[in-house]
Structures are given as structure tokens and as C-alpha cells.
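# What the coordinates show
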Amino acid sequence: MISIEGLTKIFRLNQKDITAVDDLSLTIQNGEIFGVIGYSGAGKSTFIRLLNRLEEPTAGKVTIHGQDITAMNKNKLRIARQDIGMIFQHFNLLWSRTVAENIAFPLEIAGVPVTKRKARVRELIDLVGLTGRENAYPSQLSGGQKQRVGIARALANNPKVLLCDEATSALDPETTNSILDLLVDINQKLGLTIILITHEMHVIRKICNRVAVMENGKVVEQGDVLDIFLHPKKEVTQKFVKQVMGSGEEDELELLRETYSNGKLVKLHFVGESANQALISKLSKQFEIEVNILQGKITQTQRGAYGTLVVQLIGTQSEVEMASQYIQTETSVQLEVIQDAN
Ligand SMILES: Nc1ncnc2c1ncn2[C@@H]1O[C@H](COP(=O)(O)OP(=O)(O)O)[C@@H](O)[C@H]1O
Ligand SMILES: [Mg+2]
């Protein structure tokens, strides 16, 4: 069991206090897939980073399987962290290492001898479906494959808990589904507890048993996913439920406008030649912006990607404008502006 009591994180920035996580309490059962949903800025990433103390809490307590994480010294924490794997939106792979070497990395750190290490890496590569790609470099992989490496690496030391921070938010819908299937597979095969953070309700619907809705650093509603879908109480929860229940396209766009009031919302039309994943990662690499895929239907064919993606571009006005210009002038993707709040 994971028990979280009165967890609080206050950042001090320019002489102002920002309460990112506000007196949050939750209990998560062993072996469940627990979702945390909230809009950008709700405090989700801070919350999940407090669980393994990538952030130090201002107050409160986190107990994982009876061990008080918050009270541990550095040494104990280092050992406890081997039981807590983590995956990220942008994969955080080592670019100069191959797939196998990336997966071996946490085993090296843990001091696992080389023959044992090799056997474990092979096992993990099979588990995540990357057989044949052992010697590829991250730059040669698709987004979905990169996240598979991230998952294998996170599982290397046999953790009991896996933390996922927007692990599918940089992926197109089809790839998202395949990664979510993999997480369910791992949860069932290994009995791993999964805590998954997202801003997308369809992710919650697809794989979570229970969900907590976060707003302003607090859990405002929680329960079984089905109950939440049938009887959302808070306004924020109702909006999330609508995300996946939306009917007509115009209604959906209107909902997106309401929901994602910051940054620039654009609809990208892919017409064959261009690889959608390559474009999305290129945008976030080349410009100082965050690219969130909100919605879309893309069909991959031998000749490229067909379909549309609605994405949110977040960054300074000039960076977002340069990125939009880039799409319009340097690619064959057509761009339609849905909303510009910059
Ligand atoms: N290192 C930091 N320093 C100052 N403020 C931060 C820091 N990290 C997050 N915040 C602030 O805390 C709030 C919650 O952020 P975050 O946890 O990233 O939310 P989410 O993941 O839900 O988008 C935001 O207002 C954010 O600006
Ligand atoms: Mg976040």
C-alpha cells in the first residue's frame, strides 16, 4: 500500500510562495493502476516527484509498503528508489547509448555483475517488445519504441511501483494505445502498482481502476473510474468526462477551447508525406515550446501519416510563432489555428 498524508510542496519563486501540492492525502492499493488527472499547473508532476523525493516535501508523509520515504536519509532513499521505477513524457533516454545500454544503465548503478546484467536486459527487451532493436540508438527509434526503452529501464531492478508522468502525452493516439496496453500487461504479469499522471481522460478510461482529480494542488474528487464517469460531481471532473464523451466535431473543438485556455491550439492536417511523430519531436527540440497532443486520429501507412492532430503549443509568443511558421513553410502539414491565447 502507498499512503500519502498531508503532502505539501511550496516553491518559493521571486519572493512569492507557490503551493504546488496542498495538503494532499491518498491511499493507493498494491497492484492497482491509479490515475491522477488534472489540467496543466494542477500540481501533478510535483506530486508524483514527491513520491520518490525527486522533490523534497515541505510537509507531509509518504509511506510505501510500510517504509516512510519522507524520513529516509540519502543512503536508504537510494536503496528504496530501486523499488520505484519512473517513466517520463520525453523518455529521458541517454542518446549516446544503445537500447540495450540504456536498459543496462540502472543495473550498472545497482552493481549487478555483467553476465547477470546481460541476461536481465535480454529479458526486459522481450518483455517490452523490442527484440531486434537492441543495438539501435534512441534517435533511430519511434516515439513508442523510445517509451518502451523507458519502461524497460524503469523495470530493470524489479520495482514494485511504477510512476508514469504523462508517459503517453508526446505520442500519437495509436501509439498511446499500444503503450497503455503494455502497461496493463506489465501490471498483470508483474503485479506492479502503477501511478499514472495524465491530462487525458481517455487514458484514465482505458487502463485505470481508480482516479483522483487534481486542481490547485488538491485532490478534489476521487473514486472508481466507472463511478466518476457516471457521476462526476465537480465541474473540473465533468469537463474531463466530456473530453471522451464529446459528440459533434464543433462541440469537441469548443470543449478544447474551453479546456485548454493557454498557449496556441492548432489542428494539424497530415496528408501523406510527413511523419507526424518526427514533426512533434522536432518542434519541441527545435523551439523552446511544449507540444501537447490533445486529440487526433492518425493512420500510418507505408506512404506516411494521414489524419489530423489537435495540439497545444505552449511557450513564449515568439517561440510559438516561429514554430507555427516552421510548420507552414517547411513542412507539407497544413495548420489551422483553433485558438490563440498567447
Ligand atoms: N521548480 C519549481 N519552481 C517553482 N514553481 C514550480 C516548480 N515546479 C512547479 N512549479 C509550479 O507548481 C505548480 C504545479 O506545477 P506542476 O506540478 O508541474 O503541474 P502539472 O504537472 O499538473 O502541470 C505550477 O504553478 C508550477 O508553475
Ligand atoms: Mg506535469
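Structure's up top.
Fair warning: this is a prediction, and the values are worked out from it, not measured in the lab. (Residues numbered from 1 in each chain as written. Chains lettered and ligands numbered in written order. Predicted model: local features only at pLDDT ≥ 70, side-chain atom pairs only at ≥ 80, totals over all residues. Heavy atoms only, no water.)

## A closer look at the environment of I280
How we decide: Numbering of helices and strands runs from the N terminus, with a helix taken as a DSSP run of H or I at least four residues long and a strand as a DSSP run of E at least two residues long. A contact between two residues is defined here by any heavy atoms of the two lying within 4.5 Å.
Of note, I280 is situated in helix α11 (residues 276–286). In this structure, the C-alpha to C-alpha distance between I280 and E290, residues ten residues apart in sequence, is 9.7 Å. Apart from residues no more than four positions distant in its own chain, I280 is found in contact with A170, L268, V291, I293, L309 and V311.

## Concerning the sheet that holds strand β3 (residues 33–37)
The cut-off we apply is this: Pairing between two strands requires that DSSP report at least two bridges joining them. Working convention: axes come from line fits to C-alpha atoms, limited for helices to the stretch in contact. Angles between N-to-C directions cover 0 to 180 degrees.
Reading across from one edge, β6-β7-β8-β3-β9-β10 is the order of the six strands in this open sheet, with mixed pairing throughout. Taken across any chain shown, the strands that pair with only one partner, and hence form the sheet edges, are β6 (84–88) and β10 (218–224). Adjacent strand axes in the sheet meet at a mean angle of 15 degrees, parallel and antiparallel pairs treated alike. Bridge count between β6 and strand β7 (residues 161–165): five bridges; the pairing is parallel. Counted as the bridge partner of I84 is V161 from β7. Packing of helix α5 (residues 143–155) onto the sheet brings it into contact with β6 and β7, and relative to β6 it is tilted by some 165 degrees. Packed on one face of the sheet, helix α6 (residues 173–190) meets β3, β6, β7 and β8 (193–198) and runs near 155 degrees to β8.

## Some words on the packing of aromatic side chains
The description of an aromatic ring pair rests on the distance of the ring centres and on the angle between the ring planes. Basically, it comes down to this: Paired rings are identified among Phe, Tyr and Trp, the last through its six-membered ring, by centres lying within 6.5 Å, and are further divided according to the angle between planes into stacked (under 30 degrees), edge-to-face (over 60) and tilted (the rest). Here the term buried applies to any residue with accessible area under 20% of the maximum for its type, exposed to any over 50%, and partly exposed to those in between, with areas from a 1.4 Å probe on protein chains only.
In total, this model carries three aromatic pairs according to the counting rule given. Arranged with centres 4.3 Å apart and planes meeting at 25 degrees, the rings of Y39 and F240 form a pair that is stacked. On the criterion of sequence distance, the pair formed by Y39 in the loop between β3 and α1 (44–51) and F240 in helix α9 (residues 235–245) is long-range, its members being 201 residues apart. Across the pair, exposure class does not vary: Y39 and F240 are buried alike. Between Y39 and Y260 the ring centres are 6.3 Å apart and the planes differ by 85 degrees, which places this aromatic pair in the edge-to-face class. Of this pair, Y39 sits in the loop between β3 and α1 while Y260 is found in the loop between α10 (249–259) and β11 (264–271), placing the two residues 221 residues apart along the sequence.

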